[in-house]
Amino acid sequence: MVTVIHSITFDKRERLKNAVVITPRGIVHVEWTCAAGDWCWFTSGNGDAKKLAMPAIERIKRCLGTRPAASRGDVRCRHCGRTSEDGSGVCARCHQTYEVG
Ligand SMILES: [Zn+2]
C-alpha cells in the first residue's frame, strides 16, 4: 500500500482548504488556514501517518500553491452571479448594497 492523496477541497476563492491523505499508517487530514496573511497548514492524524503524508502534502503545495489568487475573472458574486472583480465572491455593486453598513 502506498500513500495517496484521497481528496482536495478548495474554498470559494479556489484556494486550498482541506486535503485527505491516506497512508499505510492511517488517514491524515490537512487543513489550510490564513494566519496573519500567511497560509499555514495543519495536519491531524497519528505521527507515523503524518510523516508518511508529508511528501504528498509537499506535492499538493507545489502543484497547486497556497497563495491567495489576487484577481480571478471567474469568481462569481454570490448575490447576483456577476463577476466578482476582486475575487472576494461579491461584486463591487453588491458589496455596496449588502456588505457595507
Ligand atoms: Zn453582485
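Since the model is a prediction, treat every value here as computed from it, not as a measurement.

*Asks:* Sorry if this is basic, but what is going on with the pattern of salt bridges here?
*Replies:* Note that side chains of opposite charge can pair when their charged atoms are close. Scanning the entire structure with this criterion turns up three salt bridges. The partner of Arg-25 in a salt bridge is Asp-48, and the shortest N-O contact between them spans 2.9 Å. In this pair, Arg-25 is assigned in the loop between strand E2 (16-23) and strand E3 (26-35) and Asp-48 in helix H1 (residues 47-64), connecting sequence segments 23 residues apart. Among the salt bridges present, the one from Lys-61 reaches Glu-58, with a minimum N-O distance of 3.5 Å. Here Glu-58 and Lys-61 lie together in helix H1, a separation of three residues that amounts to about one turn. Relative accessible area serves as the criterion here: at 27%, Lys-61 is assigned to the partly exposed category.

*Asks:* How should I be thinking about the coordination of the zinc ion in this particular structure?
*Replies:* Six octahedral donors around a metal ideally sit at 90 or 180 degrees from one another, while four tetrahedral donors ideally sit at 109.5 degrees. The protein atoms that coordinate the zinc ion are Cys-77 (SG), Cys-80 (SG), Cys-91 (SG) and Cys-94 (SG), at distances of 2.2 to 2.3 Å. Around the zinc ion, the four donor atoms sit at angles spanning 104 to 115 degrees, and that spread fits a shape best called tetrahedral. Mapped onto the sequence, the donors of the zinc ion take the spacing C-x2-C-x10-C-x2-C. Taken together, the residues span a long stretch of sequence, with Cys-77 in the loop between H1 and helix H2 (92-99) and Cys-91 in the loop between H1 and H2 at a distance of 14 residues.

*Asks:* In this structure, what is going on with H1? I would like to understand it.
*Replies:* Owing to its 3.6 residues per turn, the α-helix brings residues three or four apart onto one side. Relative to the 26 Å expected for 18 residues at 1.5 Å per residue, H1 spans 25 Å between its end C-alpha atoms, a close match to the ideal helical length. The principal kink in H1, of about 40 degrees, is found at Ala-53, preceding the proline Pro-55 by one to four residues. Within the span of H1, buried status applies to Ala-49, Ala-53, Ala-56, Ile-57 and Ile-60. On its buried face, H1 sits against strand E1 (4-10), E2, E3 and strand E4 (38-44). Its side-chain oxygen at 3.1 Å from the backbone nitrogen of Asp-48, Asn-46 defines the N-terminal cap of H1.

*Asks:* Before we go on, may I ask you to explain the nonpolar core in this structure?
*Replies:* Where a protein is soluble and globular, its nonpolar side chains tend to be buried together. Leu-16, Ala-19, Val-21, Val-28, Val-30, Trp-32, Trp-39, Ala-49, Ala-53, Ala-56, Ile-57 and Ile-60 form the largest nonpolar core, which has twelve residues in total. Counting only elements with at least two residues in this core, the list comes to E2, E3 and H1. Broken down by element, the residue count for this core peaks at five residues, all from H1. Look past the residues within four positions of Val-21 in its chain and what remains in contact with it is Thr-3, Val-4, Ile-5, His-6, Gly-26, Ile-27, Val-28, Val-30, Ala-53, Ala-56 and Ile-57.

What counts, and where the lines are drawn
Residues numbered from 1 in each chain as written. Predicted model: local features only at pLDDT ≥ 70, side-chain atom pairs only at ≥ 80, totals over all residues. Heavy atoms only, no water. Salt bridge = Lys/Arg side-chain N within 4 Å of Asp/Glu carboxyl O. Helix = DSSP H or I, 4+ residues; strand = E, 2+ residues; numbered from the N terminus. Buried < 20%, exposed > 50% of the residue type's maximum accessible area, 1.4 Å probe, protein only. Donors = N, O, S within 2.8 Å, 3.2 Å for Na, K, Ca; no water. Tetrahedral: all angles 85-135°; square planar, octahedral: opposite > 155°, others 65-115°. Expected span 1.5 Å × (residues − 1). Bend = angle between axes of the 7 residues up to and from the residue. Contact = heavy atoms within 4.5 Å. Polar contact = N/O pair within 3.5 Å; in protein donor to acceptor, adjacent residues only side chain to side chain. Core = buried A, V, L, I, M, F, W, Y, C linked by side-chain atoms within 4.5 Å.

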